[in-house]
Amino acid sequence: MARILILSTAADVLGDTGNPTGVWYEELASPYYAFLDAGHDVTLVTLGGRPIPIDPNSDVTGEDAPASVSRFRADAAATALLENPGRLEDEDVTAYDALYIPGGHGAMFDLAESALAAKAIGAAWDSGKVVASVCHGPAAFKKVVDANGLPIVKGRKVTAFTNSEEEAVGLTEAVPFLLETTLRALGADFEGVDDWLPHAVADGRLVTGQNPASSEAAARKVLELI
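Residues numbered from 1 in each chain as written. Predicted model: local features only at pLDDT ≥ 70, side-chain atom pairs only at ≥ 80, totals over all residues. Heavy atoms only, no water.

Participant: Any chance you could explain the pairing of strand 2 (residues 41-46) here in plain terms?
Facilitator: Counted residue by residue, strand 2 has five buried out of six residues, so it is predominantly covered. Taken together, the five bridges between strand 1 (residues 3-7) and strand 2 define a ladder with parallel strand orientation. The partner of L7 across the bridge, within strand 2, is V45. At this point the chain moves from strand 1, through helix 1 (residues 25-37), to the parallel strand 2, and the crossover so formed is right-handed. When strand 2 meets strand 3 (residues 86-87), the two strands line up parallel, connected through two bridges. When the sheet's bridge partners are listed, V45 is paired in strand 3 with G86. (Buried < 20%, exposed > 50% of the residue type's maximum accessible area, 1.4 Å probe, protein only. Helix = DSSP H or I, 4+ residues; strand = E, 2+ residues; numbered from the N terminus. Pairing = 2+ DSSP bridges. Right-handed = clockwise from strand over helix to strand, strands pointing away.)

Participant: What is the right way to look at the layout of surface pockets in this model?
Facilitator: Empty space left among the atoms is revealed by rolling a probe the size of a water molecule over them. The computed volume of the largest pocket comes to approximately 240 Å³. The wall of the largest pocket is formed by 17 residues, among which W24, D55, N57, H105 and L171 lie closest to the centre. (1 Å grid on protein atoms, 1.4 Å probe; cavity = no way out; pocket = protein on both sides within 12 Å on 5 of 7 lines; lining within 4 Å. Points joined across faces, edges and corners; volume = space filled by probe spheres on them.)

Participant: I tried to follow the environment of A65 on my own but got confused; where do I start?
Facilitator: Note that A65 resides in the loop between strand 2 and helix 2 (67-73). According to the relative accessible area criterion, A65 is buried, its value standing at 12%. Sequence separation between A65 and Y33 is 32 residues, and the spatial gap between their C-alpha atoms is 15 Å. Sequence-distant contacts of A65, that is, excluding residues within four places in its chain, are made with V60 and S70. (Contact = heavy atoms within 4.5 Å.)

Participant: Would you explain the sheet that holds strand 9 (residues 206-209) in this entry?
Facilitator: Within a sheet, neighbouring strands are paired by backbone hydrogen bonds and run either parallel or antiparallel to one another. What the seven strands build is an open sheet, ordered 3-2-1-4-5-9-8; its pairing is mixed. Edge strands, defined here as strands with exactly one partner in the open sheet, are strand 3 and strand 8 (200-203). Pairing geometry for strand 5 (residues 130-134) and strand 9, over four bridges, is parallel. Bridged to A132 within strand 9 is V207.

Participant: Quick question: what am I supposed to make of the environment of P176 here?
Facilitator: Secondary-structure assignment places P176 in the loop between helix 5 (163-168) and helix 6 (179-185). Taking relative accessible area as the criterion, P176 reaches 45% and is therefore assigned partly exposed. Once the C-alpha coordinates of P176 and A112 are considered, the two residues, 64 residues apart in sequence, prove to be 9.9 Å apart. Residues contacting P176, with those up to four places away along its chain left out, are M108 and F109.

Participant: Help me understand the pattern of salt bridges, please; the structure alone is not making it clear to me.
Facilitator: Close approach of charged atoms allows side chains with opposite charge to pair. Inspection of the entire model under this criterion finds eight salt bridges. We note a salt bridge from K142 to E113, for which the minimum N-O separation is 2.8 Å. Here E113 lies in the loop between strand 4 (98-101) and helix 4 (115-126) and K142 lies in the loop between strand 5 and strand 6 (157-158), a separation of 29 residues in the sequence. The class for E113 is partly exposed, based on a relative accessible area of 36%. Connected via shared salt-bridge partners are E113, K142 and K143. (Salt bridge = Lys/Arg side-chain N within 4 Å of Asp/Glu carboxyl O.)

Participant: Sorry, what's going on with the nonpolar core here?
Facilitator: Inside soluble globular proteins, nonpolar side chains tend to come together where they are buried. Within the largest apolar cluster, 36 residues are counted, with the highest numbers of intra-cluster contacts made by L88, I121 and V153. Listing elements by their share of this core, those giving two or more residues are strand 1, strand 4, helix 4 and helix 6. With six residues, the single largest contributor to this core is helix 4. Sequence-distant contacts of V153, that is, excluding residues within four places in its chain, are made with F141, V158, L183, L186, G187, A188 and L206. Within the second largest apolar cluster, 31 residues are counted, among which are I6, L28, A29 and V222. (Core = buried A, V, L, I, M, F, W, Y, C linked by side-chain atoms within 4.5 Å.)

Participant: Help me out: how do you make sense of the packing of aromatic side chains in this one?
Facilitator: Each aromatic ring pair is described using two quantities: the centre-to-centre distance and the angle formed by the ring planes. Applying the stated criterion to the full structure yields six aromatic pairs. Taken together, a centroid distance of 5.9 Å and an interplanar angle of 80 degrees make the contact between F35 and Y100 edge-to-face. Pair noted here: F35 is in helix 1 and Y100 is in strand 4, with a separation of 65 residues, a long-range link. Residues F35 and Y100 agree in their burial class; the two are buried. Every member of this aromatic cluster is reached through a ring pair, and the members are Y25, Y32, Y33 and F72. The lysine or arginine in question, R3, covers the ring of Y96, its NZ or CZ lying 4.1 Å from the ring centre. For the cation-ring pair, R205 lies above W125, with the distance from its terminal atom to the ring centre recorded as 4.1 Å. (Phe/Tyr/Trp six-rings, centres within 6.5 Å; stacked < 30°, edge-to-face > 60°. Lys NZ or Arg CZ within 6 Å of the ring centre and 35° of its normal.)

See below:
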């Protein structure tokens with residue numbers, strides 16, 4: 001049994017727009033169950049243990065809902081974690097086998113700017129752990145450097161929510177930075193496919209997924225590595 005730490009955004013407002021945001025439900029629920037169903041131990045945390053907001057655009061029901069989202073919503077133990085996640089500050093990330101960061105636009109506003117999150121991700125990386133993220137989650141890598149002071153994405157194949165996808169959802173002006181552009185500027189070998197298609201990349205211990213549809217594929221790559 002491996003131990004996996006999921007670090008979620010707790011930001012609930014889309015910058016100056018005032019519109020609600022948060023974690024993208026499928027990007028949390030799909031890996032959560034992929035890891036649990038594989039027999040692993042999963043811990044969910046945020047900065048300061050703040051509650052986890054669900055981006056309302058991802059809180060879909062009925063036939064349109066991903067199976068993992070419907071399962072999570074009906075799981076009292078899982079939904080209780082949204083209100084009472086652990087605190088990243090209380091965790092030793094090096095005691096885990098993998099660190100996974102789901103997306104949702106919220107990650108661009110708290111995780112991307114947090115020195116604490118950057119330090120934790122860097123510690124996980126330097127200690128040989130699997131570091132994984134999906135969609136807007138790689139925004140958390142913005143300030144992360146390795147023991148040599150180099151961005152952990154530098155020279156590595158990564159993917160994330162593309163500039164084209166950001167434009168398609170009409171939020172290019174609402175986000176504090178364009179994720180694809182930023183990752184490229186950090187020296188990443190960015191790989192994107194057509195909008196909304198599943199795409200996950202593993203470069204050594206670094207796993208990234210492009211969009212919500214990539215959540216399952218990214219989780220599988222994490223499981224293969226641990």
